[in-house]
Amino acid sequence: DGGITQSPKYLFRKEGQNVTLSCEQNLNHDAMYWYRQDPGQGLRLIYYSQIVNDFQKGDIAEGYSVSREKKESFPLTVTSAQKNPTAFYLCASSRDRDRAKNIQYFGAGTRLSVL
Amino acid sequence: SQQGEEDPQALSIQEGENATMNCSYKTSINNLQWYRQNSGRGLVHLILIRSNEREKHSGRLRVTLDTSKKSSSLLITASRAADTASYFCATAVFMEYGNKLVFGAGTILRVKS
């Protein structure tokens, strides 16, 4: 069953705590992305990675960190510096050689709430 | 700020009717894509139109692109209750370290049976 798996589906964060959202893909895609979605809004790019061991900040990277040690994995850490972390987080991937298209494939999302 | 702006924000129609959603954007693009999101789920790619294309069809979907007006429209014909979802336009922008999609705020479509 190919695709993108995000876990957990729901996550609760206590004040001052760092939490990590998992994103795994078995599509053999080179590029991976993290988005944040707030109610009634579109997706905003947090971080993206075009290749293993390299990643770039998106539009709202402050308070977040990522790593890309393996092609299939792109975990996102929401740090205590992110003061308003409650949102729906979506991970996506795309084939780098489809650069002219950049069609993205999405996971089912993780809903993060603050206790 | 968001690149794309969808219009209307919400649309409610009867099953069998057509649904039209519009998207406007601000900068030059390589392509424009439409995605669908069911409530509480991830996005699913529907259709892509390149900047040098004016119209594209896929099943019951028809997309138009007017680069002079920086706008696009998505038409869903003969709508079904299962089409109820949020629909987002996304513009593909190339950057130094790869490319990214810039999403609009979406149109919520409700199809009543």
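Residues numbered from 1 in each chain as written. Chains lettered and ligands numbered in written order. Predicted model: local features only at pLDDT ≥ 70, side-chain atom pairs only at ≥ 80, totals over all residues. Heavy atoms only, no water.

Participant: Any details on the overall build of chain B? Residues and values, ideally.
Facilitator: Each helix and strand counted, chain B has zero helices and 11 strands in total. Listed N to C, the secondary structure of chain B is β-β-β-β-β-β-β-β-β-β-β in terms of helices and strands. Compactness check: chain B gives a C-alpha radius of gyration of 14 Å against a globular reference of 13 Å for 113 residues, within 12% of the reference. Principal-axis analysis of the C-alpha atoms places the extent of chain B at approximately 45 × 30 × 20 Å. Only carbon and sulfur atoms are counted for the fraction: they give 46% of the accessible area of chain B, which is about 5400 Å². (Helix = DSSP H or I, 4+ residues; strand = E, 2+ residues; numbered from the N terminus. Rg over C-alpha atoms; globule rule 2.2 N^0.38 Å. Areas by Shrake-Rupley, 256 points an atom, 1.4 Å probe, with all protein chains shown as cover.)

Participant: Describe the packing of aromatic side chains, with residues and values.
Facilitator: Applying the stated criterion across every chain yields a total of nine aromatic pairs over all chains. Plain terms: the ring middles of A:Y35 and A:F106 are 5.8 Å apart, the flat faces sit at 35° to each other, and that makes the pair tilted. Of this pair, A:Y35 sits in strand β4 (residues 31-37) while A:F106 sits in strand β10 (residues 105-106); the two residues are 71 residues apart in sequence, bridging distant segments of the chain. A:Y35 gets classed as buried once you look at its relative accessible area, which sits at 0%. Exposure remark for A:F106: the relative accessible area of 12% places this residue in the buried category. Aromatic rings pair up to connect A:Y33, A:Y35, A:Y48, A:F106, B:Y35 and B:F103 into one cluster. Between the NZ or CZ atom of A:R68 and the centre of the ring of A:F74, over which it lies, the distance is 5.9 Å. (Phe/Tyr/Trp six-rings, centres within 6.5 Å; stacked < 30°, edge-to-face > 60°. Buried < 20%, exposed > 50% of the residue type's maximum accessible area, 1.4 Å probe, protein only. Lys NZ or Arg CZ within 6 Å of the ring centre and 35° of its normal.)

Participant: So what about unusual backbone geometry? Which residues, and what values?
Facilitator: Cis geometry marks the peptide bond from A:S7 to A:P8; its omega dihedral reads -5°. Relative to the helices and strands, A:P8 resides in the loop between β1 (4-7) and β2 (10-13). The omega torsion of the bond from B:D7 to B:P8 falls at 0°, within 30 degrees of zero and hence cis. Despite not being glycine, A:N28 shows a phi value in the positive range, around 60°. Positionally, A:N28 belongs in the loop between β3 (19-25) and β4.

Participant: Tell me about the interface of chain B and chain A, and name the residues and values.
Facilitator: For an interface, size is often stated in terms of accessible area lost upon the parts coming together. On the chain A side, the residues contacting the 24 residues of chain B number 26 residues. Between chain B and chain A, roughly 2000 Å² of surface is buried when both sides are summed, and carbon and sulfur atoms account for 52% of that area. Remark: the boundary between chain B and chain A carries one salt bridge. Ionic pairing is found between B:K100 and A:D59, a salt bridge with its closest N-O pair at 3.0 Å. Our count for the contact surface shared by chain B and chain A stands at four residue pairs in polar contact (both at pLDDT 80 or more). Broken down by secondary-structure element, the contributors of at least two residues to the side of chain B that touches chain A are β4 (31-37), β5 (43-50), β9 (85-95) and β10 (98-103) of chain B. Broken down by element, the residue count for the side of chain B that touches chain A peaks at five residues, all from β10(B). The residue inventory of the side of chain B that touches chain A, partitioned by class, reads 11 nonpolar, 10 polar and three charged. (Contact = heavy atoms within 4.5 Å. Buried area = accessible area lost by both parts, 1.4 Å probe. Salt bridge = Lys/Arg side-chain N within 4 Å of Asp/Glu carboxyl O. Polar contact = N/O pair within 3.5 Å; in protein donor to acceptor, adjacent residues only side chain to side chain. Nonpolar A, V, L, I, M, F, W, Y, C, P; charged D, E, K, R; others polar.)

Participant: Residues and numbers for the sheet that holds β3(A), please.
Facilitator: Residue and element names in this part refer to chain A. With antiparallel pairing, the four strands of this open sheet are ordered in space as β1-β3-β8-β7. On the outer flanks of this sheet lie β1 and β7 (64-66), each paired with one strand and no other. Geometrically, the sheet is characterised by an average inter-axis angle of 20° between neighbouring strands, direction not taken into account. Across three bridges, the pairing between β3 and strand β8 (residues 76-78) is antiparallel. Bridge assignment links L21 to a residue of β8, and that residue is L76. (Pairing = 2+ DSSP bridges. Axes fitted to C-alpha atoms, helices over the stretch in contact; angles between N-to-C directions.)

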